[in-house]
Amino acid sequence: MSDKEFRLLSELVYAECGIKLEPGKKIMLAGRLSKRLRALGLSSFREYHDYVTSPEGRASELGNMIDRVSTNKTEFFRERHHFDVLVDETIPSLVGPDGPCRDGHLNVWSAACSTGEEPYTLAMVLADARDKWPRLNASIMATDINREVLQHAIRAVYSKTIVQPVPAHMRTRYLLRGKGEKDGYYRVVPELRKMVTFRHTNLISGDYPFSCTMDVVFCRNVIIYFDRPTQTELFRRIYAKMSPGAYLFLGHAESLQGIEHKFEWTAPTIYRRPVGAERS
Ligand SMILES: C[S@@+](CC[C@H](N)C(=O)[O-])C[C@H]1O[C@@H](n2cnc3c(N)ncnc32)[C@H](O)[C@@H]1O
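Residues numbered from 1 in each chain as written. Predicted model: local features only at pLDDT ≥ 70, side-chain atom pairs only at ≥ 80, totals over all residues. Heavy atoms only, no water.

Colleague: Which residues make up the nonpolar core, and what values do they have?
Modeller: L106, M124, L126 and L192 are the most contacted members of the largest nonpolar core, which totals 45 residues. Element by element, the count of residues in this core is highest for helix α7 (residues 117–128), at 7 residues. In this structure L106 touches L94, V95, C101, L126, L136, N137, A138, S139 and D215, once residues within four positions along its chain are discounted. A30, Y48, I145 and V222 belong to the second-largest nonpolar core, a separate cluster that totals 44 residues. (Core = buried A, V, L, I, M, F, W, Y, C linked by side-chain atoms within 4.5 Å. Buried < 20%, exposed > 50% of the residue type's maximum accessible area, 1.4 Å probe, protein only. Helix = DSSP H or I, 4+ residues; strand = E, 2+ residues; numbered from the N terminus. Contact = heavy atoms within 4.5 Å.)

Here is the structure:
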């Protein structure tokens, strides 16, 4: 891949999904897209760029390109501390007697859900919390730009290694063990699958597939790929989609520092839309 081809393709990736590819990512990008070139019978990245920006390519190839360039690393109970905060602090402050969600219903958004481990972890933790908060009932919206990972998430089937971080009592309660040729695989129980709705969504488009406001937003390990202007605009939109008093969780390497925003800081990587804030 020449520098010019890299520039053209990285500008396209940035324009389409906000992911900023620094020049050091050229080899990675070439590696991830070369299979697509072969599949389409194209002989250069320039030809690939021209195809993917043509009306036909936009309709048939752009999604494949985005699926290739996004990084989807995730795991069950990733950054476990967040789930402890959710149970010990967030749920009581939202559904407790003085909380904004006294009726017990929580709208939760996993904003870059990858293959589903994050929203299903949320579902396990929230379902478990019903032992203490019997009226608690949550709807989880899980979105991602990558269609392949969403298919995986909807299947809800994970290998033994992948489910390793799930605490033993939750594995028994919320995962079904495969038998016969499915030995070594687990499927999330229907009760939890019903709590989660998956939707294809580009976070930077601002066109989000729900009309309610959210009480808890997990937007973790995705803004690291965006530049400051993109992050600022994203958090303005996310703020507008949150109820007063709602909580925002970011990845452990992420923060709102240096970004213009109206959130209150509550703990490292955890923010809140002020309780008294007007709905927007
Ligand atoms: C590293 S994964 C993080 C998954 C999960 N939130 C976690 O912390 O484990 C980043 C996810 O962000 C998604 N993503 C990247 N750009 C996006 C965009 N513009 N809109 C929506 N999702 C995006 C990728 O497809 C990928 O699945």
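Colleague: An account of the domain arrangement of the chain is needed here, citing residue identities and associated values.
Modeller: Note on interface size: it is often stated as the accessible area lost on association of the parts. Partitioning the chain into domains gives domain 1 (3–69) and domain 2 (81–272). For domain 1 versus domain 2, the separation of C-alpha centres amounts to 30 Å. Counting residues at the interface gives 10 residues for domain 1, matched by 10 residues for domain 2. Where domain 1 abuts domain 2, roughly 850 Å² becomes buried across the two surfaces, and 46% of that area is made up of carbon and sulfur atoms. Summed over the shared surface of domain 1 and domain 2, the number is 1 salt bridge. Put simply, E148 and R68 hold a salt bridge, and the shortest N to O gap is 3.0 Å. Our count for the domain 1 to domain 2 interface comes out at 7 residue pairs in polar contact (both at pLDDT 80 or more). (Domains from an automatic or database assignment. Buried area = accessible area lost by both parts, 1.4 Å probe. Salt bridge = Lys/Arg side-chain N within 4 Å of Asp/Glu carboxyl O. Polar contact = N/O pair within 3.5 Å; in protein donor to acceptor, adjacent residues only side chain to side chain.)

Colleague: Tell me about the side chain of R36, and please be specific about residues and values.
Modeller: Within the element layout of this structure, R36 appears in helix α2 (residues 26–40). Within polar-contact distance, the side chain of R36 engages the side chain of E61 at 2.8 Å. With residues near it in sequence (within four places) discarded, R36 still touches Y48, E61, N64 and R68.

Colleague: Run through the site of the ligand, naming residues and quoting values.
Modeller: Taken together, 22 residues form the shell around the ligand, and within it T74, R78, A112, D144 and N221 come nearest. A112 is positioned such that a nitrogen or oxygen atom in its backbone is 2.8 Å from a nitrogen atom of the ligand. Protein chains shield 99% of the accessible area of the ligand, which is 600 Å² for the free molecule. The class makeup of the residues in the shell around the ligand is 8 nonpolar, 9 polar and 5 charged. (Near = heavy atom within 4 Å. Areas by Shrake-Rupley, 256 points an atom, 1.4 Å probe, with all protein chains shown as cover. Nonpolar A, V, L, I, M, F, W, Y, C, P; charged D, E, K, R; others polar.)

Colleague: Describe the environment of E22, with residues and values.
Modeller: Here E22 shows up in the loop between α1 (3–17) and α2. Overall, the relative accessible area of 48% leaves E22 in the partly exposed class. The spatial distance from the C-alpha of E22 to the C-alpha of F6 is 9.8 Å, given a sequence separation of 16 residues.

Colleague: Hey, could you go over the sheet that holds strand β4 (residues 175–177) for me, with residue numbers and the actual values?
Modeller: With antiparallel pairing, the 3 strands of this open sheet are ordered in space as β3-β5-β4. A strand with exactly one partner marks an edge of an open sheet, and here the two such strands are β3 (157–159) and β4. Geometrically, the sheet is characterised by an average inter-axis angle of 35° between neighbouring strands, direction not taken into account. Bridge count between β4 and strand β5 (residues 185–188): 3 bridges; the pairing is antiparallel. Bridge pairing links L175 to V188 in β5. (Pairing = 2+ DSSP bridges. Axes fitted to C-alpha atoms, helices over the stretch in contact; angles between N-to-C directions.)

Colleague: Explain the packing of aromatic side chains to me, and be specific about the residues and the numbers.
Modeller: Centre distance and the angle of the planes are the two values used to describe a pair of aromatic rings. A complete count under the given rule lists 10 aromatic pairs for this structure. Taken together, a centroid distance of 5.7 Å and an interplanar angle of 65° make the contact between Y120 and F198 edge-to-face. Remark: F198 occurs in strand β6 (residues 196–200) and Y120 occurs in helix α7; sequence separation between them is 78 residues. For F198, a relative accessible area of 12% translates into the label buried. The rings of F76, Y120, Y158 and F198 are connected pair by pair, giving a single aromatic cluster. If you follow K20 out to its NZ or CZ, it ends over the ring of Y14, 4.5 Å from the centre. (Phe/Tyr/Trp six-rings, centres within 6.5 Å; stacked < 30°, edge-to-face > 60°. Lys NZ or Arg CZ within 6 Å of the ring centre and 35° of its normal.)

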